[in-house]
Amino acid sequence: MPRSAHIRSNAPRILPSDITPQAVYQERRQWLQLMATGAAGAGLAAWAGREAMAQTAGPGKLAKLPGARSAVAGAMSMDKLSRYADATGYNNFYEFGTEKSDPAQYAGSLRPRPWTVTVEGEVGKPGSFDLDQLLKLSPMEERVYRLRCVEGWSMVIPWVGYSLAELIKKVEPNSRAKYVEFISLADRSQMPGLRNGVLDWPYTEGLRIDEAMHPLSLLAFGMYGEVLPNQNGAPLRLILPWKYGFKSAKSIVKIRFVEKQPVSSWTESAPREYGFYSNVNPLVDHPRWSQGSERRIGEDGLFTKKRPTLMFNGYADQVASLYAGMDLKKFY
Ligand code: MTE
């Protein structure tokens, strides 16, 4: 995590109940840094105001998007939330560059409105939905999901959206719709990273239809009570908490229902590294990264231990039945 992100935000969102020696140490360090950079005045205001701040409060820069607490089983993780500054400053969104800080720096050129999502393929009711139609399609819920990246870090984020199943039911898939493909925007005029060849654009992901219909599969429009910042995949994206983060496609423009298993961008680029399923599994290592433990962003002090990674990222009770009888080493 880039340290500068903390200094710039100058508002550590820590509640008195969360204070641990580690947090005290970090805050003191930030305080000393603020003094050193001459930003003590601003720092003092943040220091005084932080306890009054709700933990899920965003910076108040984007439009509000409230959601009712979700009743879906497993949807409300009790883990401590990641800081907004980390969730919006440490990102993977290769359409804007490959560094973690690139999306926050360059995604300002993305135009999340007007926005249309086209639904096509094996459905009774194909068509186009504009963003306002999608926002009204189902009541918004807040869900606190743990998201585990294949690179070995994780965050805990309060997302706002509704189950992808709500949209799927509206378009009436037919019996040939065995898989769903999700295609992200690929527009060079808005996305400077498309000029590099790391992936074959557009970014494409896929799910089996029963995975897509699972109530935990979230179509997200917001986070921390506000609409999604561009770097997090505005105006709408997937969040699949039991799968590695790269399955959760951002800035989606097309959803296609198909009979054959689609090939995702990452599988196409490195088939031995990224399988179709990509369920979080501490027993199956990625060729370059161990999957047995993870670093929770925001907890990464010098003496902080890594957390053990849980099967299906801790969502096994909800999703393990989707994979009953499957060899998860083979179907990684
Ligand atoms: N979607 C698109 N279109 N492009 C991307 O590069 N990166 C993925 C996923 N969705 C990516 C994407 C990866 S690797 C991760 S870990 C998550 O988005 C990161 O989401 P976040 O930045 O909101 O934490």
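### Section: the site of the ligand
Logical step 1: Around the ligand sit 16 residues, and of these N91, Y94, E95, R237 and K250 come closest.
Logical step 2: Between the ligand and E95, the relevant distance is 2.8 Å, taken from a nitrogen atom to a side-chain nitrogen or oxygen of the residue.
Logical step 3: Between the ligand and the protein, one listed contact pairs an oxygen atom with a side-chain N or O atom of N232 at 3.0 Å.
Logical step 4: In the complex, the protein chains occlude 97% of the 540 Å² of accessible area that the ligand would expose alone.
Logical step 5: Its residues assigned to classes, the shell around the ligand comprises seven nonpolar, six polar and three charged.

### Things to note about the packing of aromatic side chains
The relative placement of two aromatic rings is captured by the distance of their centres and the angle of their planes.
Logical step 1: Evaluation of the coordinates by the stated rule reveals 14 aromatic pairs.
Logical step 2: Between Y162 and F221, the aromatic rings sit 5.4 Å apart at their centres with planes inclined by 40°, giving tilted as the arrangement. With Y162 in strand β5 (residues 153-163) and F221 in strand β8 (residues 218-223), this pair connects stretches of sequence that are 59 residues apart.
Logical step 3: What makes Y162 buried here is its relative accessible area of 1%.
Logical step 4: Using a relative accessible area of 2% as the deciding quantity, one classes F221 as buried.
Logical step 5: Geometrically, the ring pair formed by W266 and Y274 is tilted, given 5.1 Å between the ring centres and 50° between the ring planes.

### Points about the sheet that holds strand β3 (residues 127-130)
Logical step 1: The sheet built from five strands is open, its strands ordered β3-β2-β11-β6-β7 with mixed pairing. Each edge of the open sheet is held by one strand with a lone partner, namely β3 and β7 (204-208). Going across the sheet, the axis of each strand differs from the next one's by a mean of 20°, ignoring polarity.
Logical step 2: Here five bridges tie strand β6 (residues 179-184) to β7, and the two strands are oriented antiparallel to one another. Across the sheet, the residue bridging to I183 is T204, located in β7.
Logical step 3: Here helix α7 (residues 164-171) sits on the sheet in contact with β2 (116-121), β3, β6, β7 and β11 (252-258), set at roughly 60° to β11.

### Details of α7
Logical step 1: Within the sequence span of α7, burial applies to L164, A165, L167, I168 and V171. Each buried residue of α7 lies within a common arc of 160° when the element is viewed along its axis, so the set occupies one face.
Logical step 2: Positioned one or two residues after α7, E172 has a phi angle of 55°, which is positive.

### Overview of the nonpolar core
Logical step 1: Counting residues in hydrophobic clusters, the biggest one holds 80 residues, and the most contacted among them are W159, F182, F221, I255 and F257.
Logical step 2: Considering every element that reaches this core, the biggest residue donor is β5, with six residues.
Logical step 3: Residues contacting F257, with those up to four places away along its chain left out, are V119, E120, G121, E122, V123, I168, V171, P173, A177, Y179, V180 and I209.

### Some remarks on the side chain of E181
Logical step 1: Counting through the fold element by element, E181 comes out in strand β6.
Logical step 2: Residue classification places E181 among the buried positions, given a relative accessible area of 11%.
Logical step 3: Here E181 is in contact with T204, E205, G206, K254, I255, R256, V258 and P262, once residues within four sequence places are set aside.

### Things to note about the environment of N91
Logical step 1: Looking at the element boundaries, N91 is found in the loop between α4 (84-87) and α5 (102-106).
Logical step 2: With 142 residues separating them along the chain, N91 and G233 place their C-alpha atoms 9.9 Å apart.
Logical step 3: Residues within four places of N91 in sequence aside, it is in contact with E99, K100, P103, Q231, N232 and K250.
Logical step 4: Separated by 3.5 Å, the side chain of N91 and the backbone nitrogen of G89 make a polar contact.

### A short note on the pattern of salt bridges
Logical step 1: The final tally for this structure, using the stated rule, is 19 salt bridges.
Logical step 2: A salt bridge links E294 to R296; the shortest N-O distance between them is 3.7 Å.
Logical step 3: Classification of E294 as buried rests on a relative accessible area of 4%.
Logical step 4: Across the pair R307 and E299 runs a salt bridge whose closest N-O atoms are separated by 2.8 Å.
Logical step 5: Exposure remark for E299: the relative accessible area of 29% places this residue in the partly exposed category.
Logical step 6: It is possible to trace a salt-bridge network through shared partners that takes in D79, R148, E294, R296, E299 and R307.

What counts as what
- Residues numbered from 1 in each chain as written.
- Predicted model: local features only at pLDDT ≥ 70, side-chain atom pairs only at ≥ 80, totals over all residues.
- Heavy atoms only, no water.
- Near = heavy atom within 4 Å.
- Polar contact = N/O pair within 3.5 Å; in protein donor to acceptor, adjacent residues only side chain to side chain.
- Areas by Shrake-Rupley, 256 points an atom, 1.4 Å probe, with all protein chains shown as cover.
- Nonpolar A, V, L, I, M, F, W, Y, C, P; charged D, E, K, R; others polar.
- Phe/Tyr/Trp six-rings, centres within 6.5 Å; stacked < 30°, edge-to-face > 60°.
- Helix = DSSP H or I, 4+ residues; strand = E, 2+ residues; numbered from the N terminus.
- Buried < 20%, exposed > 50% of the residue type's maximum accessible area, 1.4 Å probe, protein only.
- Pairing = 2+ DSSP bridges.
- Axes fitted to C-alpha atoms, helices over the stretch in contact; angles between N-to-C directions.
- Contact = heavy atoms within 4.5 Å.
- Arc of directions from axis to C-beta.
- Core = buried A, V, L, I, M, F, W, Y, C linked by side-chain atoms within 4.5 Å.
- Salt bridge = Lys/Arg side-chain N within 4 Å of Asp/Glu carboxyl O.

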